[in-house]
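Structural overview
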Amino acid sequence: VQLQASGGGLVQAGASLRLSCVASGRISSPYTVAWFRQAPGKEREFVAAIFRSGSSTHYSSSAKGRFTISRDSAKNTVYPQMDSLNPEDTAVYYCAADCSLILSSLRMGNQYDYWGQGTQVTVSS
């Protein structure tokens, strides 16, 4: 299974970005896809996730109200739409996927089997 993350870039505060995570290879459906981010000198943190078939979405407190995660199952792609970006959102964003994750482990990065390569998001003030 391979995950390809893309869509990062340099934007000004208040702007929007839409990232993409495309899954390829043999991955059993339904599977959970999450986004994590890691800023320089900081630990990796959970951002958002869409659980299994998309029945539920989950957000960190910093992402809630600004980010929206969605899924196009036909394209095996998950999109986090990120609005009202601010400099604190600057980080490398990673997507992760897992077929057997339970809901209580959704925010735990070490529970995901598959990871993408990361895409840089830089927000200038």
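Structure report, in brief. Predicted model only: the values in this text are computed from it and were never measured. (Residues numbered from 1 in each chain as written. Predicted model: local features only at pLDDT ≥ 70, side-chain atom pairs only at ≥ 80, totals over all residues. Heavy atoms only, no water.)

Once that is clear, we can look at the pattern of salt bridges. If you walk through the whole model with that rule in mind, you get 3 salt bridges. Residue Arg37 pairs with Glu45 through a salt bridge whose shortest N-O separation is 2.6 Å. We classify Arg37 as buried; its relative accessible area is 7%. Between Arg66 and Asp89 there is a salt bridge, with its nearest N and O atoms 2.7 Å apart. Linking Arg66 in the loop between strand E7 (56-59) and strand E8 (67-72) with Asp89 in the loop between strand E9 (77-82) and strand E10 (91-98), this pair joins segments that are 23 residues apart in sequence. (Salt bridge = Lys/Arg side-chain N within 4 Å of Asp/Glu carboxyl O. Buried < 20%, exposed > 50% of the residue type's maximum accessible area, 1.4 Å probe, protein only. Helix = DSSP H or I, 4+ residues; strand = E, 2+ residues; numbered from the N terminus.)

Turning our attention to the environment of Phe36. Secondary-structure assignment places Phe36 in strand E5 (residues 32-38). Along the chain, Phe36 and Tyr59 lie 23 residues apart, while their C-alpha atoms are 10 Å from each other.

For the coordinates displayed, the defined rule picks out 1 disulfide. Note on cysteine connectivity: Cys21 is disulfide-linked to Cys95, with sulfurs 2.2 Å apart. Between Cys21 and Cys95 the disulfide shows an S-S torsion of about 70°. By sign, it is right-handed. With Cys21 in strand E4 (residues 20-24) and Cys95 in strand E10, this pair connects stretches of sequence that are 74 residues apart. With respect to burial, Cys21 and Cys95 carry one shared label: buried. (Disulfide = S-S within 2.5 Å.)

A few words on the pairing of E7. Taken together, the 4 bridges between strand E6 (residues 45-51) and E7 define a ladder with antiparallel strand orientation. By the bridge assignment for E7, Ala48 is matched with Tyr59. The antiparallel hairpin formed by E6 and E7 contains 4 residues in its connecting segment, where Arg52 sits at a positive phi of about 45°. (Pairing = 2+ DSSP bridges.)

Let's shift gears to the nonpolar core. Trp35, Met82 and Tyr93 are the most contacted members of the largest nonpolar core, which totals 28 residues. Ranked by residues supplied to this core, first place goes to E10 with 4 residues. By size, the runner-up hydrophobic cluster in this structure holds 9 residues, among which are Phe46, Phe51, Ala96 and Tyr112. (Core = buried A, V, L, I, M, F, W, Y, C linked by side-chain atoms within 4.5 Å.)

Let us now look at the environment of Trp115. Note that Trp115 resides in strand E11 (residues 114-115). Residue classification places Trp115 among the partly exposed positions, given a relative accessible area of 29%. Distance from Trp115 to Leu103, taken between C-alpha atoms, is 18 Å for residues 12 residues apart in sequence. Setting aside chain neighbours within four positions, we find Trp115 in contact with Leu3, Phe36, Arg44, Tyr94, Cys95, Ala96 and Gly109. Of note is the side chain of Trp115, whose polar atom sits 3.4 Å from the backbone oxygen of Tyr112. (Contact = heavy atoms within 4.5 Å. Polar contact = N/O pair within 3.5 Å; in protein donor to acceptor, adjacent residues only side chain to side chain.)

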